[in-house]
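If you want the building blocks of each chain, they are given just below.
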Amino acid sequence: MRIKGKRIFNHRPMLFFALFLMFGIIFSEALYGASMWWYFGLLLLFIIAFLLVAIFKKSRKSFYIPLAFIVGFIAMTAVNLQYNSVSVKDYTGSINAKVGSEIVFNGNYYSFDATDIFVDGKTIKYEARVYAYVDEIDFSAGDVVSFYGRLRYYSHEKFDNYYPRKISSGQRYSLTAYSASKISDGQLNFPDNLQVRIKRILHQNLDDKTASIVQALVLGDKSGMDSSMYDDVKSSGLAHVLAVSGLHVSTLATAIYFMLKKLKVNPKISFAIVLVCTFLYSMLCSFTASSLRAVIMSGVYMFSSAFSRKKDDVSSLSLAAIVILFVRPADIFDVGFLLSFASVAGIFIFDRSFEKVGLQIVDKVSPKRKIGTKFVKVCALSLATNLFTYPFVAYFFGEVPTLFVLSNFIVLPYIMAFYVLALVLTFLATITGFGAIVLPLKYLLVPFRLFVGLVGSVSFSTVSVSASVFTVISLVCLMVFVSRFVFLDRVKKARGACIILCVGMFMRSILLAVG
């Protein structure tokens, strides 16, 4: 963009398409519950705006902006309409269903997923989460079971953060069962069956805490972790290692690519092999937003390397957002999606600047200090990642970690090496059926458990911070504005930053007054 001949920022169509796609999704969700005439009327206005932009020569090159808004608006509207198109909303009686996941005992009840639900002569299209209040069970994952209980439809609240998970998992119902008996044996489909096998091997050969951590590391499934352990991990600032994301996928992709390079495989063939492997791994992890983002971005980077093309970090991140939101537009309201993209955006925006300042300090102290250089790089990466995610963490969780730099410097390299070993041993145990292969993980995870337990016991490891929606928006806009991607001098950036903060405080005051 240029103002009076001065370039303010680089023109990145992919970025602006992603942004206006998000605006269209948010606008549609804001209208949820309104009359369909509102949707038709506004959609007509958007289409007219698109045609006007496309007709005039001067604005024609920006035609993709209203198009992105229209695509986002239609996609989110279609998702909401499809979600509400269910044949049964509340039913009490006999219900037949297939157990679709591993069964977990929660003290008072058993919980698991149910598929192929059959109610009152009707086959229910979607899945349910089952809470079975029974003394004991005689079935396992894959079996067809007869329940007696209540099937209830999950209603959709506007801007509900749990809504994206219901969309991606296909779950529309909760089933509270008071009796359950097996009808017939059955088997799960390939990815679900493999997930269950991995979980069983881990829990049969490791203690529950170790198994739950390894399960989270390898599959991104934290359902088996007890709350105290997870709170300690969050307090240490290492919660991101328990969600399969760029750190995991890039580590896996690098390891596979390294082996293929040693075998002198053609780079183009290596690219295809690594892309397929990472995609299958994301499928095993239930296609979470963070794993999909990592697969798409790593695919773009490997494509650039294999075909000698120039890569742009911001455009690759934008492409990942476009692909995910086009398929699952509701993911924009998911905590995992927001934190995953915010962390990578923070790296792109601040990592280089933080590292430059840190290295200047190290050079003044001792130009040959290698440990200091490595520490600076870890600090820069940790600060960049956490700085951009802090507004979202404060909004969703009400507290932020304080010792993340220490944790990332001391523990992160170890836990990522452990992750590679855990991945290899887990899959070897799954393939061979010899579960004892994973036993070394029990002892190798002790340092991690001790560290997070120690940090979790420190009173100031987390600080309570609250943030409103306007606070999050203001801080994100502020950080982007002062970044190296906006080409203004320091005085103009300072003025702009003050304006952004003032507008944010004004909107926050109005929100408080209205509330």
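Our structure is the block above this text.
Residues numbered from 1 in each chain as written. Predicted model: local features only at pLDDT ≥ 70, side-chain atom pairs only at ≥ 80, totals over all residues. Heavy atoms only, no water.

## Let's talk about the packing of aromatic side chains
Part 1 of the argument: Applying the stated criterion across every chain yields a total of 23 aromatic pairs.
Part 2 of the argument: Here F50 and F63 contribute two aromatic rings whose centre-to-centre distance is 6.5 Å and whose plane-to-plane angle is 55°, an arrangement assigned as tilted. Of this pair, F50 sits in helix α2 (residues 36-55) while F63 is found in the loop between α2 and α3 (64-84), placing the two residues 13 residues apart along the sequence.
Part 3 of the argument: With a centroid separation of 5.5 Å and 10° between ring planes, the pair formed by F350 and F354 is classed as stacked. Of this pair, F350 and F354 both sit in helix α12 (residues 335-365), 4 residues apart, which is roughly one turn of that helix.
Part 4 of the argument: Classification of F354 by relative accessible area gives partly exposed; the value is 28%.
Part 5 of the argument: The ring of Y126 has R172 lying over it, and the distance from NZ or CZ to the ring centre is 4.1 Å. (Phe/Tyr/Trp six-rings, centres within 6.5 Å; stacked < 30°, edge-to-face > 60°. Helix = DSSP H or I, 4+ residues; strand = E, 2+ residues; numbered from the N terminus. Buried < 20%, exposed > 50% of the residue type's maximum accessible area, 1.4 Å probe, protein only. Lys NZ or Arg CZ within 6 Å of the ring centre and 35° of its normal.)

## A closer look at the packing of helix α5 (residues 190-205) against helix α6 (residues 208-219)
Describing two packed helices takes the angle between their axes plus the distance from one axis to the other.
Part 1 of the argument: The contact between α5 and α6 brings their axes to 8 Å, and the two run at 150°. Looking at the two axes, α5 sits roughly antiparallel to α6. Like other packed secondary-structure pairs, α5 and α6 cross with a definite hand, here right-handed. Contacts between α5 and α6 involve Q195, I198, K199, L202 and H203 from the first element and D208, A211, S212, V214, Q215 and L219 from the second.
Part 2 of the argument: Considering only residue class, the contact of α5 with α6 consists of 5 nonpolar, 4 polar and 2 charged. (Axes fitted to C-alpha atoms, helices over the stretch in contact; angles between N-to-C directions. Parallel < 35°, antiparallel > 145°, perpendicular 65-115°, else oblique. Left-handed = near helix turned anticlockwise from the far one by under 90°. Contact = heavy atoms within 4.5 Å. Nonpolar A, V, L, I, M, F, W, Y, C, P; charged D, E, K, R; others polar.)

## Observations regarding the packing of helix α7 (residues 227-235) against helix α17 (residues 446-456)
Part 1 of the argument: Running from amino to carboxyl end, α7 crosses α17 at an angle of 80°, the nearest separation of the two axes being 8 Å. Viewed along their axes, α7 and α17 adopt a mutual orientation that is roughly perpendicular. Across the interface between the two elements, M229, D232, V233 and S235 of α7 pack against F448, R449, V452, G453, V455 and G456 of α17.
Part 2 of the argument: Among the residues making up the contact of α7 with α17, the classes are represented as 5 nonpolar, 3 polar and 2 charged.

## Examining the pattern of salt bridges
Part 1 of the argument: Summed over the entire model, instances satisfying the criterion amount to 10 salt bridges.
Part 2 of the argument: Salt-bridge contacts for R200 lead to E102; the nearest nitrogen and oxygen are separated by 3.2 Å. Separated by 98 residues along the polypeptide, R200 in helix α5 and E102 in the loop between β3 (90-99) and β4 (104-105) bring together distant segments of the chain.
Part 3 of the argument: Of the residues examined, R200 reaches a relative accessible area of 31% and is grouped as partly exposed.
Part 4 of the argument: Here K199 makes a salt bridge to D221, at a shortest N to O gap of 2.6 Å. With K199 in helix α5 and D221 in the loop between α6 and α7, this residue pair connects regions lying 22 residues apart in the sequence.
Part 5 of the argument: Owing to a relative accessible area of 18%, D221 belongs among the buried residues under this scheme. (Salt bridge = Lys/Arg side-chain N within 4 Å of Asp/Glu carboxyl O.)

## Describing the pairing of strand β8 (residues 144-153)
Part 1 of the argument: Sheet topology places β3 next to β8; 9 bridges connect them, and they run antiparallel. Residue pairing in the sheet places I95 in a bridge with F147 of β8.
Part 2 of the argument: Judged from the 10 bridges that link them, β8 and strand β9 (residues 171-184) form a sheet pairing that is antiparallel. Residue pairing for β9: V145 is matched across the bridge by K182. (Pairing = 2+ DSSP bridges.)

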